[in-house]
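Structural overview
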Amino acid sequence: MNKYKILFVCLGNICRSPAAEAVMRSMVESRRLSDAVEVDSAGIIGYHEGEQADPRMRSAAFQRGYRLTSISRPVRPDDFHSFDLIVGMDNSNMQSLRRMAPPDAHARLCLLTDFCADSGHTEVPDPYYGGLSGFVLVLDILEEACGRLLATLQDEKSLPTR
Ligand code: 4NP
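Structural notes, computed from the coordinates.

Cut-offs and rules
- Residues numbered from 1 in each chain as written.
- Predicted model: local features only at pLDDT ≥ 70, side-chain atom pairs only at ≥ 80, totals over all residues.
- Heavy atoms only, no water.
- 1 Å grid on protein atoms, 1.4 Å probe; cavity = no way out; pocket = protein on both sides within 12 Å on 5 of 7 lines; lining within 4 Å.
- Points joined across faces, edges and corners; volume = space filled by probe spheres on them.
- Nonpolar A, V, L, I, M, F, W, Y, C, P; charged D, E, K, R; others polar.
- Phe/Tyr/Trp six-rings, centres within 6.5 Å; stacked < 30°, edge-to-face > 60°.
- Lys NZ or Arg CZ within 6 Å of the ring centre and 35° of its normal.
- Core = buried A, V, L, I, M, F, W, Y, C linked by side-chain atoms within 4.5 Å.
- Buried < 20%, exposed > 50% of the residue type's maximum accessible area, 1.4 Å probe, protein only.
- Contact = heavy atoms within 4.5 Å.
- Salt bridge = Lys/Arg side-chain N within 4 Å of Asp/Glu carboxyl O.
- Helix = DSSP H or I, 4+ residues; strand = E, 2+ residues; numbered from the N terminus.

1. Comments concerning the layout of surface pockets
In this structure, the largest pocket spans a volume of roughly 180 Å³. Leu11, Gly12, His48, Asp126 and Tyr128 are the residues nearest the centre of the largest pocket, which is lined by 14 residues in total. Of the residues belonging to the lining of the largest pocket, the class tally is nine nonpolar, three polar and two charged.

2. Things to note about the packing of aromatic side chains
Summed over all chains, the structure comprises one aromatic pair. Ring centres 4.8 Å apart and planes at 85° place the aromatic pair Tyr128 and Tyr129 in the edge-to-face group. The ring of Phe83 has Lys5 lying over it, and the distance from NZ or CZ to the ring centre is 4.7 Å.

3. Regarding the nonpolar core
Ranked by size, the top nonpolar core spans 42 residues in total, and within it Ile6, Phe8, Met24, Leu112, Leu142 and Leu149 carry the most contacts. In contact with Ile6, not counting residues within four places along its chain, are Met24, Val37, Glu38, Val39, Asp40, Phe83, Leu85, Val87 and Leu153. Counting residues in hydrophobic clusters, the runner-up holds twelve residues, among them Ala42, Ile44, Phe83 and Ala107.

4. What to know about the pattern of salt bridges
Under the defined criterion, the tally for this structure stands at eleven salt bridges. Measuring nitrogen to oxygen at the nearest pair gives 4.0 Å for the salt bridge that ties Lys5 to Glu38. With Lys5 in strand E1 (residues 4-10) and Glu38 in strand E2 (residues 37-43), the pair connects residues that are 33 residues apart, well separated along the chain. What you see here is one network of salt bridges that share partners, running through Arg16, Asp90 and Asp126.

Pasting the structure below:
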């Protein structure tokens, strides 16, 4: 079976989207969906290309049991063909993604917080210029939204139910 491929996207690919990738991968593994789902992340800008995730994000995530292993890379034109779903963290990311998407894109675009019905968060706020609490908030939102996103994909039969 072809894997369902999800790409998480933020501005720099060193804070929010690498954390989203790790949170989602952990949920995929614990629900025994690793053979059905592939997860990656990328940035709108290539400024941090080749860098590990921000140490503040890695440390906040590590305290919840997540290991951030991804290396920053910018979104590539081919991503719109090779991924099934591209998930932005805020409205600015979505604007950029819509601008970059080729007319014959295969990937569906969505905003991660569309899956935050309970908490009402409308974006994953950029934590880069703030303090530790911003990184903790990012993880709270990611855990809620990634769980809901997985359940939605299972409901619509894009993923198996196990
Ligand atoms: P991210 O955070 O988009 O969550 O990775 C940022 C990282 C770097 C910058 C901005 C946001 N920057 O301006 O370099």
